[in-house]
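# Residue-level structural notes
Listed here are the chains, written in short residue letters.
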Amino acid sequence: MKYRTIIRPEAEADIEESHGWYEDQSAGLGDEFLNALRISLSAIEHSPFSFPVVHRKIRRTLVRRFPHSFFYFIAAERQRLIITACVHHKRDPLIWKRRN
């Protein structure tokens, strides 16, 4: 089944903030971060049920090379993957729970 991916505005804000931080650390690192996110999103889209459920219906996938995770859920009845957060591992772990 083909799912449409929806990135919630809060998750987009997470991504923009992290991209800016990485870009401030080293020119081009922010773009490498975005590329790693694209790879993770592709993995979610290719096999959405292969990642573990971490809370109720929320699943998590790690982003390679960067200490971030995507949190998402599958809205099967609407054929959608909803990305709720892209969170750095050192941030408050409850941040993604408050969004659902």
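In the block above lies the structure referred to throughout.
Here goes a summary of the coordinates provided. (Residues numbered from 1 in each chain as written. Predicted model: local features only at pLDDT ≥ 70, side-chain atom pairs only at ≥ 80, totals over all residues. Heavy atoms only, no water.)

Roughly 150 Å³ of internal volume is contained in the largest pocket. As for the largest pocket, its lining consists of Asp14, Glu17, Ser18, Trp21, Tyr22, His68, Cys86, Val87, His88 and Arg91. Those elements giving two or more residues to the lining of the largest pocket turn out to be α1 (9-25) and β5 (80-88). When residues of the lining of the largest pocket are assigned to their parent elements, the largest contribution, 5 residues, is made by α1. In terms of residue class, the lining of the largest pocket is built from 4 nonpolar, 3 polar and 3 charged. (1 Å grid on protein atoms, 1.4 Å probe; cavity = no way out; pocket = protein on both sides within 12 Å on 5 of 7 lines; lining within 4 Å. Points joined across faces, edges and corners; volume = space filled by probe spheres on them. Helix = DSSP H or I, 4+ residues; strand = E, 2+ residues; numbered from the N terminus. Nonpolar A, V, L, I, M, F, W, Y, C, P; charged D, E, K, R; others polar.)

Where charged atoms from two side chains of opposite charge come close, those side chains can pair. Taken as a whole, this structure holds 2 salt bridges when the rule is applied. Ionic pairing is found between Arg91 and Glu17, a salt bridge with its closest N-O pair at 3.8 Å. Here Glu17 lies in helix α1 and Arg91 lies in the segment after β5, a separation of 74 residues in the sequence. Assessed through its relative accessible area of 36%, Arg91 is described here as partly exposed. Between Arg65 and Glu32 there is a salt bridge, with its nearest N and O atoms 2.3 Å apart. Residue Arg65 is located in the loop between β3 (58-62) and β4 (68-75), and its partner Glu32 is located in helix α2 (residues 29-46); the two are separated by 33 residues in the primary sequence. Residue Arg65 is classed as exposed on the basis of its relative accessible area of 60%. The partly exposed category is assigned to Glu32, whose relative accessible area is 38%. (Salt bridge = Lys/Arg side-chain N within 4 Å of Asp/Glu carboxyl O. Buried < 20%, exposed > 50% of the residue type's maximum accessible area, 1.4 Å probe, protein only.)

With that settled, consider α2. Along its 18 residues, α2 runs 26 Å from first to last C-alpha, staying within 8% of the 26 Å computed at 1.5 Å per residue. By the burial criterion, the buried members of α2 are Leu29, Gly30, Phe33, Ala36, Leu37, Ser40, Leu41 and Ile44. The buried residues of α2 occupy an angular sector of 140° when the element is viewed end-on, so they sit on one face. For α2, exposure combined with an orientation more than 90 degrees from the buried face picks out Arg38, Ile39 and His46. (Expected span 1.5 Å × (residues − 1). Arc of directions from axis to C-beta.)

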